[in-house]
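# Structural overview for review
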Amino acid sequence: MTQVTPAGPMSSRRDCGTQDGLTELIQCAIGRVHDQQARSGTPIADFRFGDFVLGVRAQLGRAIAELTTMFDHHRVRDTPRTALLDIIDGPDAALAPLQPSPRTGRDRVVLSTAAVYCLWDPEGGGKLTAVDREKCLGVVWYPAATALPSWEKARPLIHAFKALFPASRLMPVHGAAVALGEHGILIAGGGGAGKTTMALACVEAGWRYVGDDGVLIGGAPLRAFNLFRSARLREDMFTRLPHSLTATYTISTDSGEVKAELDVGRLPSAAIGDAIVSAIVVPRRMGSPGIVIAPLRQSVALRELSATTLVALPGDTSESYEFMAHALRGVQCFSVDPGPVLGAVPAALERLAAGG
Amino acid sequence: MHFILADPNRISARAFDDEIVIANFDTGLYYSLMGSAAAVWTGLMAGISVAVIAETLGPYQSEDVAGAVASFAARLETEGLIKPSEPYATGVWEPKAPADGWRAPEFESFSDMQELLLLDPVHDASDAGWPYVVAP
């Protein structure tokens, strides 16, 4: 196997287009970008998530200047780094061979092996997430970004967190989480299930915010780690969560829906942090006259969590599913019909967060 | 006739209490097997033949258990979850008597993930290169 050194003149001279396999091509391209960026003297910013420290080196163009805003509260200094990502904006000769043929159409394509993770996502001008898992080096490339899509600003680099799972042992999942004290709940379900609404109702009641569309899970006992301080609120909830709406930084329509893009850090009373997961909650709006909480089979909670996670964060499908299944073992699961009075939901969820 | 998991890298089967949950990552379908279905599945995965499974479950029912078990195994194979195999070393299989009496084995399937994949397809690549995808 061709070795790609992370720095030095040999790797920068290598023509990545002559590599035999996609894995070597990816490793070579990452190495070349890494060399280029190292020589340019671009500073590295480090961010800590649990015990995992991610360095991000970005020559940020106008389009992605806000890329790290939603996790800059994780910024640390003088901390040993676990992995390094280079962020590239615009055309790049070293990465061009990694862009799939236009004949792949608008579908995503992924290669995930023990050696590399590489995902091409054509949405919003395209994004390539490529990680050399052996070296914990990666590149996130926006080849034609004129403006980042709203979901990318809200959940920046989330596929890179997926790619770096073997190093971090923290799995990004599609779910929301909130906490009271040391313990909290992980809220699972498909799009439109009511995860954000339930989480923000709790935040308005003084709970700690752990995450909305994406959180990291891992550890024993199972913990949910905050990734981003963003939340995305659908238009039909604007009047029901007026306090949360004051944290809006923009209104987006590029996902096909009107959404308030929130920076939860802007809420004066909101705390952001991690929590031990005491319960998995699946919202089920059944039109009940009051809040109905019922035990839920663990298999159903796993299905709710894994279906959206495996599609939103592709690659390593079997391993990711097994990790989630293992993580959920021993965690109580409930369905919650929030009923018509949103303000009553947090009090009803308190005993679940406490593990009772 | 013996069966094994069709593809351990693409099919996951896990026990949750008295339920077997199978996920087929190629089709995006999940399956839930309870009662006699879970008993047949655990038997098949322990390397027990269809005939011995039917014979073992026989005392719990009064119907054509052999036909029901064979038919169920065929359906699992059609769904791409299992494939025929040569006889192999058997594991321990101690099926419980169904609490609510015998019922022909059935599975319930859920298309949560399949529906999402249809909206937002993703293709796995190999080291040979990115796949060629023909636009629909």
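Residues numbered from 1 in each chain as written. Chains lettered and ligands numbered in written order. Predicted model: local features only at pLDDT ≥ 70, side-chain atom pairs only at ≥ 80, totals over all residues.

## Concerning the domain arrangement of chain A
Residue and element names in this part refer to chain A. Once the domains are mapped, chain A shows domain 1 (9-169) and domain 2 (172-353). Relative placement of domain 1 and domain 2: their C-alpha centres are 27 Å apart. The set of elements that each furnish at least two residues to the side of domain 1 that touches domain 2 consists of β5 (108-112), β6 (116-121), α3 (150-154) and α4 (158-163). Class assignment for the residues of the side of domain 1 that touches domain 2 results in eleven nonpolar, five polar and four charged. (Domains from an automatic or database assignment. Helix = DSSP H or I, 4+ residues; strand = E, 2+ residues; numbered from the N terminus. Nonpolar A, V, L, I, M, F, W, Y, C, P; charged D, E, K, R; others polar.)

## A short note on the nonpolar core
Residues A29, L85, A177, V178, I185 and A301 of chain A together with V69 of chain B are the most contacted members of the largest nonpolar core, which totals 146 residues. With eight residues, helix α8 (residues 298-312) of chain A is the largest single contributor of residues to this core. Counting the residues that make up this core, at least three belong to each of domain 1 (9-169) and domain 2 (172-353) of chain A. Each residue touching L85 of chain A, except ones within four places of it in the same chain, is listed here: L54, G55, V56, G138, V139, V140, L157 and A160 of chain A. (Core = buried A, V, L, I, M, F, W, Y, C linked by C-beta atoms within 7 Å. Buried ≥ 20, exposed ≤ 12 C-beta atoms within 10 Å, placed from the backbone. Contact = placed C-beta atoms within 7 Å.)

## Notes on helix α10 (residues 345-353) of chain A
Residue and element names in this part refer to chain A. Among all positions in α10, only V345, L349, L352 and A353 are buried. In an axial view of α10, the angular spread of the buried residues amounts to 90 degrees, which keeps them on one side of the axis. For α10, exposure combined with an orientation more than 90 degrees from the buried face picks out A347 and R351. Remark: G355 follows α10 within two positions and exhibits a positive phi of approximately 90 degrees. (Arc of directions from axis to C-beta.)

## Considering the sheet that holds strand β15 (residues 230-234) of chain A
Residues and elements named next belong to chain A. Taken in spatial order, the three strands make up an open sheet running β15-β17-β16, and their pairing is antiparallel. Each having just a single partner strand, β15 and β16 (248-252) make up the two edges of the open sheet. Strand-to-strand, the axes of this sheet are offset by a mean angle of 25 degrees, without reference to chain direction. The pairing of β16 with strand β17 (residues 259-263) spans four bridges and is antiparallel. Following the sheet pairing, T250 is matched in β17 by E261. (Pairing = 2+ DSSP bridges. Axes fitted to C-alpha atoms, helices over the stretch in contact; angles between N-to-C directions.)

## Points about the packing of α8 of chain A against helix α9 (residues 317-328) of chain A
Relative placement of two packed helices is described by the angle separating their axes and the distance separating the axes. Residue and element names in this part refer to chain A. Close contact between α8 and α9 brings their axes to 10 Å; oriented N to C, the two are set at 145 degrees. In this structure, the crossing between α8 and α9 has a hand that is right-handed. Between α8, through Q298, A301, L302, L305, S306, T309 and L310, and α9, the contact on the second element is made entirely by T317, S320, Y321, M324, A325 and L328. For the contact of α8 with α9, the class distribution of residues is eight nonpolar, five polar and no charged. (Left-handed = near helix turned anticlockwise from the far one by under 90°.)

## Side note on the environment of C333 of chain A
Residue and element names in this part refer to chain A. With respect to the helices and strands, the residue C333 is situated in strand β20 (residues 332-337). C333 sits in the buried class, given 23 other C-beta atoms within 10 Å. Sequence separation between C333 and A279 is 54 residues; the distance between their C-alpha atoms is 5.5 Å. Each residue touching C333, except ones within four places of it in the same chain, is listed here: A279, I280, L296, Q298 and A301.

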